[in-house]
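Descriptive analysis of the structure
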Amino acid sequence: MNTGKSGKHALVVGGTGGMGGAITRQLRGAGYTVAATFFSEPDGREEDVAYYQVDVRSDASIKTMIEMAQKESGLLDALVYAPGSPLPYKRFSELKWADVQEQIDVHARGLFNIAQGIRPQLKKHPLRLVVILTEACFSQSQRHARMIDYILAKQAQMSLAKSLAAEFSAYHSTVNMVSPGLTKTALVARLPERMLEAEAAENPMQRITTPDDVAGAVVFLLSDAAAYISGENIMVNGGNVMQ
């Protein structure tokens, strides 16, 4: 794998999905040496990107993956937490706690495991961490009625990210969040086309979010221009939801 021109090393957890893949590509374009993780074998791989299979629910799996990435390309400068999980789109009356727990394990427990895994590095080398949330943490509509399990997990993830921002600041490390609106990824593929069209029509910019929209905000938060920004959230939804 070639070393990026910036001399910086980035790891994208969930770096083969729709958003994660766009983040991986834009970081490569910005000159980073990039590693990306996947849960199941990805359809395609980017050139000059190191790939690691990992289960974010397993602290042992996370620890091994981070050690491998550091051994291959050095200590991390940037970390993005962007794994996806299938959305069952069930009504509350249809949900079991197991559905909720499945989402919590990926979004909250997984972030917890990643933070624990990277913590030993912070005494040696600072880090910039970006966590992908959702606009549904801040405003909900009828569309979100079938996403209760997902939103509960994302709210827990947001609370953890803010706590990490407070704790990691002692190591001159930043933690920020990006909250996309409804985004063109495989996770929304089950939604009816008429619903996607309605979402676009109601958006101030007359379209839904793209993975590249999200990636642009992430790359900014990982850059030197954002070195003094921490604990913040950037909404990427065309003004559809405002904080």
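Below: a short report on this structure. Remember, it's a predicted structure, so these values are computed and weren't measured experimentally.

It is worth spelling out the packing of helix H2 (residues 59–73) against helix H3 (residues 97–122) at this point. Two elements in contact, H2 and H3, have axes separated by 9 Å at closest approach and are oriented at 40°. The orientation of H2 with respect to H3, classified from their angle, is oblique. For the element pair H2 and H3, the recorded crossing hand is right-handed. Along the contact surface, H2 presents Asp59, Ile62, Met65, Ile66 and Gln70, while H3 presents Asn113, Ile114, Gly117, Ile118 and Gln121. Looking at the contact of H2 with H3, its residues break down into 5 nonpolar, 4 polar and 1 charged.

Turning to the pattern of salt bridges, a few remarks are in order. Enumeration over the complete set of coordinates arrives at 9 salt bridges. Across the pair Lys8 and Asp224 runs a salt bridge whose closest N-O atoms are separated by 2.9 Å. With Lys8 in the segment before strand S1 (9–13) and Asp224 in the loop between helix H6 (211–222) and strand S7 (233–236), this residue pair connects regions lying 216 residues apart in the sequence. For Lys8, a relative accessible area of 24% translates into the label partly exposed. Notably, a salt bridge pairs Arg128 with Asp224, separated by 3.1 Å at the nearest N-O pair. In this pair, Arg128 is assigned in strand S5 (residues 128–132) and Asp224 in the loop between H6 and S7, connecting sequence segments 96 residues apart. Residue Arg128 is classed as buried on the basis of its relative accessible area of 17%.

With that settled, consider the sheet that holds strand S2 (residues 33–38). Across the sheet, 7 strands lie side by side as S3-S2-S1-S4-S5-S6-S7; this open sheet has parallel pairing. Each having just a single partner strand, strand S3 (49–53) and S7 make up the two edges of the open sheet. Sheet twist, expressed as the mean angle between neighbouring strand axes with direction ignored, is 20°. Pairing of S5 with strand S6 (residues 174–180), which is carried by 5 bridges, proceeds in the parallel orientation. Bridge pairing in S6 places Arg128 opposite Thr174. Across the sheet, H2 lies against S1, S2 and S3, angled at about 160° from S3, the strand it touches most. Across the sheet, H3 touches S1, strand S4 (78–81) and S5, and the angle it forms with S4 is around 165°.

Rules of the game
The numbers attached to residues start from 1 for each chain and follow its sequence in the written order. Where totals are concerned, whole chains, interfaces and linings use all residues; where local detail is concerned, this predicted model gives features only for residues with pLDDT of at least 70, and gives and counts side-chain atom pairs only at 80 or more. Computation of side-chain values covers all heavy atoms of the structure but excludes hydrogens and water. Note on method: axes are straight lines fitted to C-alpha atoms, helices fitted across the in-contact stretch only, with angles between N-to-C directions ranging 0 to 180 degrees. Helix and strand assignments follow DSSP, with helices taken as H or I runs no shorter than four residues and strands as E runs no shorter than two, numbered in order from the N terminus. An angle counts as roughly parallel when it lies under 35 degrees, as roughly antiparallel when it exceeds 145, as roughly perpendicular when it falls between 65 and 115, and as oblique in every other case. In a left-handed crossing the near helix is turned counterclockwise from the far helix by less than a right angle, and in a right-handed crossing that turn is clockwise. Residue contacts are counted whenever heavy atoms from the two residues lie within 4.5 Å of one another. Here the nonpolar group is Ala, Val, Leu, Ile, Met, Phe, Trp, Tyr, Cys and Pro; Asp, Glu, Lys and Arg are the charged ones; every other residue, Gly included, is treated as polar. Note on definitions: salt bridges are taken to be side-chain nitrogens of Lys or Arg within 4 Å of carboxyl oxygens of Asp or Glu. Burial here depends on accessible area, computed with a 1.4 Å probe over protein chains only, as a share of the maximum for the residue type. Under 20% is buried, over 50% is exposed, and the range in between is partly exposed. Two strands qualify as a pair provided DSSP detects at least 2 bridges between them.

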